[in-house]
Amino acid sequence: MAYEMLSGSQAAAAAVQRAGVDLVAAYPITPQTAIVETLANYEAKGELGGDFVSVESEYAALACCYGAAAAGARVFTATASHGLAYMHEVIHWCSGARVPVVMVNVNRAIGAPWCLDPDQGDSLSQRDTGWMQIYCSGAQEVFDTVLQAYVLSESLLLPCLVVFDGFYISHTYEAVDIPEKEKTLEFVGEKRFKPQVVPGNPVNLHGLTTGDNQILLVRNRHESMIKALDLFKQVNKKFEGYFARSYKAVDSVIPPGSKTVFVAAGSTVETIRWALPGLKDCGLIQLRMFRPYPAEELCAVLEAHDVERVIVVDRNCSIGMGGIFSQELKAALYNMENPPIVEDLLLAGGIDLTIDMLHRVLETTAEGKNADQKWGVDVR
Amino acid sequence: MRIDELKIDSEMLYSGHNACPGCGAALAVRYLTKALGPNLAIVLTASCWSIISGMPPLTALKCPILHCPFPSAGSVGSGVKRGLNAAGHDDTTVVVLAGDGGTFDIGLQAMSGAAQRNEDYIFVCYDNEAYMNTGMQTSSATPFGARTATAPYPLFKAGQKKDIMQIMAAHGIPYAATATVAFPDDMESKLKKAQAIKGFRFIHILSPCPPGWGTESSDTIHLSRLAVSTGFFPLYEIENGVTWKMTHYQGEKKTPLKEYLSAQRRFKQMDRQRMEMLQHEVDHEWDCLMEKVATSPSE
Ligand SMILES: Cc1ncc(C[n+]2csc(CCOP(=O)(O)OP(=O)(O)O)c2C)c(N)n1
Ligand code: SF4
Ligand SMILES: [Mg+2]
């Protein structure tokens, strides 16, 4: 094993360099910039192994990836916040066109006003676009997930968004095991998809269709996406064989007798994991995969441990409704016989999760008006 | 010259496409695919051509067509060309096809980015001088004085048509040219010339639109010819942004613009004063063009 001290951004770039990409299209935005700069450095040293293009906008970056992937290329781009929002039209288009694009989004709040902190509202705003979404809690996970994303994306012909928090992950360094490129290339493998644009083949790709046909295409996309839940397990089994590590869509640390479980996605997972020994009767669930939504796995974990209280850490807020992860979880619990109560800890704006906050939230009860929504600013 | 007399190889536009009778845009693409085919890939953005190309699995063209979001054509073209290169299809000509809206307006940023990077494809703008797909709304390519669905009588398009050729020349791209459907031989030689060049190439094709312009479908060629003879749409080419050359020059004596304008219902309510203003503008543009041609460095 070869460990390197890498930031989350560098780990993402290292994975892209080892995934055998044909084209990287790049546009900078804080806190994602280090990813495209690291890739540009690979390119400068002749080590990228593919084409690198600095385009004039995020919209152009993803549109360029769309065109290249349609012509059969393995592609990558990365963005954050306003960049992701700016891409929105093409984000939908890539999924509808069934091109396997892998993109990293580094969470950052969206203005107004300008804010650089890691609110998750950017990626969550793209929830319904037909992209897989995987949330990482550290640099190693980022590296591994980017590699896995190519396998998932190319197998299912659906684009995949790999997400992690700005600064907490993008800018902090940890020891990351970076395997030999030979091995990572073998893991990712030959391209699993066929080019759509083939010279000499007169096909009319993604032109006008009817609602009657569109519903079939949407259903097909939905069914393909659901397959990612199983495929994620297979991919991780294979990954384990190669690199002796693996991940689950829903990971958990729930000591026996836990009455309360925190549910989190992204870097807050690691904060809670660290605090867990000091939190009485508490467990932790990491929601790694957000699309497709692993509802059954989540319910199974909660049911198996007889959990009474769930506190969802939402570094986001769907204004007028509440934390998005908690809303999704509540919907998933609807079919449970004895669902736990669900409370929401809102860190919208991207505020830090502190150990004190976790203790204070645990001390509050879930009774009273709006008691199920606690704003981070009130409990720190 | 008649289309069947052209030396160019084969027909790539199927009959049964969805264009209106007399559609200049359909003719333009018929000529261009004949000239550039058969090893072609077309990136097609939202426009009348999204409809003309047919409803998949049907297709109107004998080459692959990749549809893309309205503002994205310039960037998708970059991706397709680079992707085809990666797949070993370096010899395929990539054409990005957009209307005036997809070029002058919403697509300008992507096109400018691609032109500045000197991406290796041909950007073809078929210019029918309005958003026709959505029903003849004003674009920045709509000429001064025209009535549109967003400038209904007594309103009219107030500003001048954006000078896209100067914008493209300012990018210093290897090749840019104007063309129109009444001059297929001129269009063909420009396309063939463009095809032999590497880098970003831009072809601006004036394409009369009978329902949008308020003309008979049988008048398309006549109007296209008038656009040239009045000096409203001169035929020329620009190499490397600096060498300007007329490719069709009928001498200083131009047909009065009024003949062109009064043949189209979109200019029906244009009074004499505005016609004179537009005539003045056309004369001025013409003089500027002649100046550029006269002072162009020779190769
Ligand atoms: C982002 C976006 N805005 C608006 C539209 C609607 N739309 C489709 S085609 C079109 C006009 C196209 O005009 P032009 O490029 O001149 O091509 P034409 O229809 O005249 O051939 C518009 C406004 C769209 N598809 N996407
Ligand atoms: S509206 Fe005009 S440009 Fe569109 S298909 Fe009809 S004639 Fe052609
Ligand atoms: Mg138009």
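Given the structure is predicted, the values throughout are model-derived calculations rather than measurements. (Residues numbered from 1 in each chain as written. Chains lettered and ligands numbered in written order. Predicted model: local features only at pLDDT ≥ 70, side-chain atom pairs only at ≥ 80, totals over all residues. Heavy atoms only, no water.)

Asker: Run through helix 3 (residues 58-70) of chain A, naming residues and quoting values.
Answerer: Residues and elements named next belong to chain A. The end-to-end C-alpha distance of helix 3, which contains 13 residues, comes to 18 Å, matching closely the 18 Å that a straight helix rising 1.5 Å per residue would cover. Of all 13 residues that make up helix 3, 13 are buried, and the element is covered over most of its length. Once helix 3 ends, the next one or two residues include Gly72, with phi positive near 105°. (Helix = DSSP H or I, 4+ residues; strand = E, 2+ residues; numbered from the N terminus. Expected span 1.5 Å × (residues − 1). Buried < 20%, exposed > 50% of the residue type's maximum accessible area, 1.4 Å probe, protein only.)

Asker: Give me the lowdown on the side chain of Ser9 of chain A, citing residues and values where you can.
Answerer: Counting through the fold element by element, Ser9 of chain A comes out in helix 1 (residues 8-17). Non-local contacts of Ser9 of chain A, meaning those with residues more than four positions away in its chain, are made with Pro31, Ala34, Ile35, Phe164, Ile169 and Ser170 of chain A. (Contact = heavy atoms within 4.5 Å.)

Asker: Give me the packing of aromatic side chains: which residues, what numbers.
Answerer: All names here are of chain A. Counted under the stated rule, the structure contains 18 aromatic pairs over all chains. Measuring from centroid to centroid gives 5.2 Å for Phe290 and Phe325, while their planes differ by 80°, and the two rings are edge-to-face. Of this pair, Phe290 sits in strand 13 (residues 289-291) while Phe325 is found in helix 12 (residues 324-333), placing the two residues 35 residues apart along the sequence. This pair shows no difference in class: Phe290 is buried, exactly as Phe325 is. (Phe/Tyr/Trp six-rings, centres within 6.5 Å; stacked < 30°, edge-to-face > 60°.)

Asker: Explain the confidence of the model for chain B residue by residue, including any values.
Answerer: A residue-level look at chain B finds 97% of positions with pLDDT of 70 or above and a mean pLDDT of 95. Here the predicted complex carries an ipTM of 0.96, next to a pTM of 0.97. (pLDDT = per-residue confidence, 0-100.)

Asker: So what's going on with the domain arrangement of chain A? Residues and values would help.
Answerer: All names here are of chain A. Looking at chain A, the domain boundaries give domain 1 (3-243) and domain 2 (250-379). Each of domain 1 and domain 2 has a C-alpha centre, and these two points are 27 Å apart. Each partner contributes to the interface: domain 1 provides 27 residues, whereas domain 2 provides 26 residues. Across the domain 1 to domain 2 interface the summed buried area is about 2,100 Å²; carbon plus sulfur atoms make up 58%. Between domain 1 and domain 2 we count three salt bridges in total. We note a salt bridge from Arg288 to Glu141, for which the minimum N-O separation is 2.7 Å. Our count for the contact surface shared by domain 1 and domain 2 stands at 15 residue pairs in polar contact (both at pLDDT 80 or more). Looking at the side of domain 1 that touches domain 2, the elements that each hand over two or more residues are helix 6 (121-124), strand 6 (132-135) and helix 9 (211-243). (Domains from an automatic or database assignment. Buried area = accessible area lost by both parts, 1.4 Å probe. Salt bridge = Lys/Arg side-chain N within 4 Å of Asp/Glu carboxyl O. Polar contact = N/O pair within 3.5 Å; in protein donor to acceptor, adjacent residues only side chain to side chain.)

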